[in-house]
Amino acid sequence: MSARILDGKALATEVRARIADDVARLTAEHGVRPGLAAVIVGDDPASQVYVGMKHRASEAAGMRSEQHVLPADTAQEDLESLVRQLNDDDAVDGILVQLPLPDHLDSRAVQELIVPAKDVDALNPYTAGRLAIGDPTFLSCTPYGVLELLAHAGVETSGANVVIVGRSNLVGRPLSVMLTLKGRDATVTLAHSRTRDLAGVCRGADVIVAAAGQIGLVTADMVRPGAVVIDVGTNRGEDGKLVGDVAFDEVAEVAGAITPVPGGVGPMTVTMLLQNTLEAARARRGLPQR
Ligand code: NAD
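Below you will find a few notes about this structure.

With parallel pairing, the 6 strands of this open sheet are ordered in space as S1-S11-S8-S7-S5-S6. The open sheet terminates on both sides in strands that have one partner only, identified here as strand S1 (4-5) and strand S6 (187-191). As paired elements, strand S5 (residues 161-165) and strand S7 (residues 207-210) share 4 bridges and run parallel to each other. Considered in S7, the bridge of Ile164 is made with Val209.

Have a look at this one:
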């Protein structure tokens, strides 16, 4: 293997320690303990695991964490009334509604209801719009984690050709905007399932970000020697193990740097949720960001 491994778990530990210090200082100096409220509807096992991870991570960082678990047959108006209550609760700085919601619920309407000042998951269209015009509020957590991994690894994005595979509102699309903002200045190609000659497109990349949810989509022949490969994919293999979108073993022979799955982007996603909650707690009280 020639590629440098970009260790998201180690970076997450480092960033979370800094966040915990900042939280402790905010509490000591201003009596403010940032609070994160998570809402989960139904008993989807994966959602429960994710919300549990976020809960433990926020408590470990010294934040206040509350979980609202609603039954699977919750009515839209009851869910919306809980979100309104959290909007009005001064002890809550960040609100997270875990997706997917059961089919009968309108997740877009719920996301739109979260006040922008507490939209730490960055899924409200207002938040996405602010990013699109180059004046972002909160950055959505997974793309934010990808940016942190690249920055920490010393990857220069200015002028770089970045190919992002996957155009979802959760990952690919917001990341494409973040990377083209002034200061990051990448030249981005946002590839998707209709992209012609994906392999050829990827071969022109200095950085490839795979976020398609397809096991083994990015193979060694698609990667220019020395390119940086970030694997956002989180898929269950036939053996039940977690695997990404990148054929790790063969790509690691060609790439200059690569993130593993697990232990790459995943731990950074939760970390950036904490970062956003900390930023929300400061901003809501008119305190400067660090
Ligand atoms: P999604 O299904 O909403 O979007 C997938 C995108 O990939 C679509 O735009 C689609 O056009 C594109 N795509 C699918 N197959 C393709 C192909 N063969 N060639 C080119 N493009 C293709 O998925 P999502 O929510 O963006 O998630 C993507 C992956 O990232 C999933 O595996 C998900 O589990 C993972 N994910 C991981 C984290 C994390 O923290 N690590 C966070 C969010 C999502």
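To continue, consider the packing of helix H6 (residues 141-152) against helix H10 (residues 265-284). Contact geometry of H6 with H10 gives a least axis separation of 7 Å together with a crossing angle of 105°. Our classification of the angle between H6 and H10 gives roughly perpendicular. Residues Cys141, Thr142, Tyr144, Gly145, Val146, Glu148 and Leu149 of H6 pack against Val265, Met268, Thr269, Met272, Leu273, Gln275, Asn276 and Glu279 of H10. Among the residues making up the contact of H6 with H10, the classes are represented as 8 nonpolar, 5 polar and 2 charged.

Close to the ligand lie 21 residues, the nearest being Arg167, Ser168, His192, Thr234 and Thr269. One of the side-chain nitrogen or oxygen atoms of Ser168 is found 2.5 Å away from an oxygen atom of the ligand. Contact between the ligand and His192: a nitrogen atom at 3.5 Å from a main-chain N or O atom of the residue. Burial of the ligand by the surrounding chains reaches 71%, relative to a free accessible area of 860 Å².

Turning our eyes to something else, we now look at empty space enclosed by the protein. The method is simple in principle: a probe with the dimensions of a water molecule rolls over the atoms, and the space it marks as empty is what remains. What the rule picks out here adds up to 1 cavity of 30 Å³ or more. Quantified by volume, the largest cavity comes out at close to 30 Å³. Elements supplying a minimum of two residues to the lining of the largest cavity: strand S2 (35-41), helix H2 (45-60) and strand S3 (64-70). Looking at which element gives the most residues to the lining of the largest cavity, the answer is H2, with 4 residues. Tallied by class, the residues present in the lining of the largest cavity amount to 3 nonpolar, 4 polar and 2 charged.

The next subject is unusual backbone geometry. In this chain, Leu99 is followed by Pro100 through a cis amide linkage whose omega measures 0°. By the element assignment, Pro100 lies in the loop between strand S4 (94-97) and helix H4 (107-113). Of note in the backbone geometry, Asp185 takes a positive phi value of approximately 55° without being a glycine. Looking at where Asp185 falls in the secondary structure, it is placed in the loop between helix H7 (172-180) and S6. For Asp197, which is not glycine, the phi dihedral falls at a positive 50°.

What follows deals with the pairing of S2. In terms of residue burial, S2 counts as a mostly covered element, since 7 of its 7 residues are buried. Residues of S2 alternate between two faces, with Gly35, Ala37, Val39 and Val41 on one and Leu36, Ala38 and Ile40 on the opposite face, all of them buried. Across 7 bridges, the pairing between S2 and S3 is parallel. Residue pairing across strands places Ile40 opposite Val69, the latter belonging to S3. You can see the chain leave S2, run along H2 and come back into S3, and the turn it takes is right-handed.

To continue, consider a negative patch on the surface. On the surface, Asp221, Asp249, Glu250 and Glu253 cluster together into a patch of negative charge. Structurally, Asp221 can be placed in the loop between S7 and strand S8 (228-231).

On to the nonpolar core, then. Side chains of nonpolar character tend, in soluble globular proteins, to be buried together. Judged by nonpolar contacts, the single largest core of 54 residues is most densely connected at Ile19, Val146, Leu150, Leu179, Val209, Val228 and Ile230. Considering every element that reaches this core, the biggest residue donor is H10, with 9 residues. Setting aside anything within four residues of it in sequence, one finds Leu179 in contact with Leu147, Leu150, Thr157, Val162, Ile164, Arg184, Asp185, Ala186 and Val188. Counting 20 residues, the second-largest nonpolar core is a separate cluster that includes Val163, Met222, Ala227 and Val251.

Reading the values: rules and limits
Residues numbered from 1 in each chain as written. Predicted model: local features only at pLDDT ≥ 70, side-chain atom pairs only at ≥ 80, totals over all residues. Heavy atoms only, no water. Pairing = 2+ DSSP bridges. Helix = DSSP H or I, 4+ residues; strand = E, 2+ residues; numbered from the N terminus. Axes fitted to C-alpha atoms, helices over the stretch in contact; angles between N-to-C directions. Parallel < 35°, antiparallel > 145°, perpendicular 65-115°, else oblique. Contact = heavy atoms within 4.5 Å. Nonpolar A, V, L, I, M, F, W, Y, C, P; charged D, E, K, R; others polar. Near = heavy atom within 4 Å. Polar contact = N/O pair within 3.5 Å; in protein donor to acceptor, adjacent residues only side chain to side chain. Areas by Shrake-Rupley, 256 points an atom, 1.4 Å probe, with all protein chains shown as cover. 1 Å grid on protein atoms, 1.4 Å probe; cavity = no way out; pocket = protein on both sides within 12 Å on 5 of 7 lines; lining within 4 Å. Points joined across faces, edges and corners; volume = space filled by probe spheres on them. Buried < 20%, exposed > 50% of the residue type's maximum accessible area, 1.4 Å probe, protein only. Right-handed = clockwise from strand over helix to strand, strands pointing away. Patch = residues over 30% accessible without salt bridge, like charges linked within 9 Å, V, L, I, M, F, W, Y side chains within 5 Å. Salt bridge = Lys/Arg side-chain N within 4 Å of Asp/Glu carboxyl O. Lys, Arg positive; Asp, Glu negative; His and termini not counted. Charge placed at Lys NZ, Arg CZ, Asp CG, Glu CD. Core = buried A, V, L, I, M, F, W, Y, C linked by side-chain atoms within 4.5 Å.

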